[in-house]
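# Understanding the architecture of this molecule
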Amino acid sequence: MPEPIPLIEPVVGAAELENVESVLDSGYMTQGPYAEEFEDRVSDRVDAAHAITATSCTTGMELALEAVGVGDDDDVVLPDFTHPATANAVVRVGGNPVLVDVDRETYNIDLDALASALEAGADAMLPVSWGGQPLPTGPIRDLAETYDVPVVEDAACSLGATHDGDPVGSQFDASVFSFHPRKVLAMGEGGVVTTDDEELQRTVRSIKNFGTDPAGDESGFVRADATNYRLSDVQAAIGVAQLEKLDEIVTRRREIAHRYTDLLTDVEGVVPPHEPDAADHNFQCYCVYVEAGSDEARDRVIERLAEDDIETQIGTYALHRTKAFGDAARHGTLEVSRSLYHNLLTLPVAHSMTEADQRRVVDALDDALTAVS
């Protein structure tokens, strides 16, 4: 039997172990020196003035949304095609998710739908650079200025991606990254908020740390509506080691992705992902669109590939099709999102994959498509 091919694998080793051991030896395991070093390195990496760690991307989005002023009954426009965590964060701070459709080629928020929703009235936007595909900076900034709304980016998947040479994390009021094991930088869990806004970063730091004043201008606890979203130094120690490998990991993801695209040239029934000229996608996800015609075909392909010990996954969810957000406000038909939800297939991008492994995936995919068509 051939070896199983996993969807993804964290790229960890001796450096991560050494850093964790140093934390354990220090006896200081909560947010500490490694967390501070990690923040400094991330802010340098994404060319932002500040990076603030949090327990996850989801809690980081809560912090960022609250810091830009989103609160009770505020409408926040976000793409329907995203993990529910994006909308969870809006609801947690008291806001209302307003769902709009996505672009068929990039899987990111549809700019015309976004503009239409903003014109109808909204208080903020929460676009997603989905799967590591960077957002178009200029058009989103222009819409933010036109409608006078802040932009918090759900950049969960996008560390190491760039648009027009600008790193994701530097373009908007705030961006929030994830370090879940499926992401390019894996710490188990964890997140970070990046921003150039001094007051925003001060607010985020205060809310996440029991309401203390991070600048030290005021003594004691200055906010009653605070919490504890601090990242442990154990996780941050892993992150510091991971950052040393980030370029290698992203380069490898792009190599695997581009080889898939070449290998899929003669495979009928799937459309490879699109990478705009201005974008350097990090390919946290490599997703193909299954054109088999029925809403069940993609799921049957997943099942057949699993029989060949090849792990695949859906792209993500259409929020309006979930119980949690079925009644959420929406703008437009959301037809592209619905189609992607039923037809997008994520292929393995494990770091150790060989060309032979990729050929095996593509051959098995070809056979599966034939069987379900």
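This report concerns the structure included in the present document. (Residues numbered from 1 in each chain as written. Predicted model: local features only at pLDDT ≥ 70, side-chain atom pairs only at ≥ 80, totals over all residues. Heavy atoms only, no water.)

### As for the nonpolar core
In this structure, L65, L78, L126, V152 and V176 are the most contacted members of the largest nonpolar core, which totals 32 residues. Of all elements in the fold, only β1 (50-54), α3 (57-67), β2 (75-79), α4 (84-92), β8 (174-178) and α7 (198-208) reach the threshold of two or more residues within this core. By residue number, the principal contributor to this core is α3, which donates six residues. For L78, the contacting residues outside a window of four places in its chain are T86, A87, V90, P97, V98, L99, V100, I109, L126 and L319. Formed by 31 residues, the second largest nonpolar core is a distinct cluster that contains I5, Y260, V288 and L347. (Core = buried A, V, L, I, M, F, W, Y, C linked by side-chain atoms within 4.5 Å. Buried < 20%, exposed > 50% of the residue type's maximum accessible area, 1.4 Å probe, protein only. Helix = DSSP H or I, 4+ residues; strand = E, 2+ residues; numbered from the N terminus. Contact = heavy atoms within 4.5 Å.)

### A few points about the side chain of N108
By secondary structure assignment, the location of N108 is in the loop between β3 (96-100) and α5 (111-120). Assessed through its relative accessible area of 3%, N108 is described here as buried. One polar contact links the side chain of N108 to the main-chain carbonyl oxygen of Q133, over a distance of 3.0 Å. Residues in contact with N108, not counting those within four places in the same chain, are V102, D103, V128, S129, W130, Q133, P134 and L135. (Polar contact = N/O pair within 3.5 Å; in protein donor to acceptor, adjacent residues only side chain to side chain.)

### Considerations on empty space enclosed by the protein
Counted under the stated rule, the structure contains four cavities of 30 Å³ or more. Estimated volume of the largest cavity: approximately 60 Å³. Here the residues of the lining of the largest cavity are counted per class, giving five nonpolar, five polar and one charged. (1 Å grid on protein atoms, 1.4 Å probe; cavity = no way out; pocket = protein on both sides within 12 Å on 5 of 7 lines; lining within 4 Å. Points joined across faces, edges and corners; volume = space filled by probe spheres on them. Nonpolar A, V, L, I, M, F, W, Y, C, P; charged D, E, K, R; others polar.)

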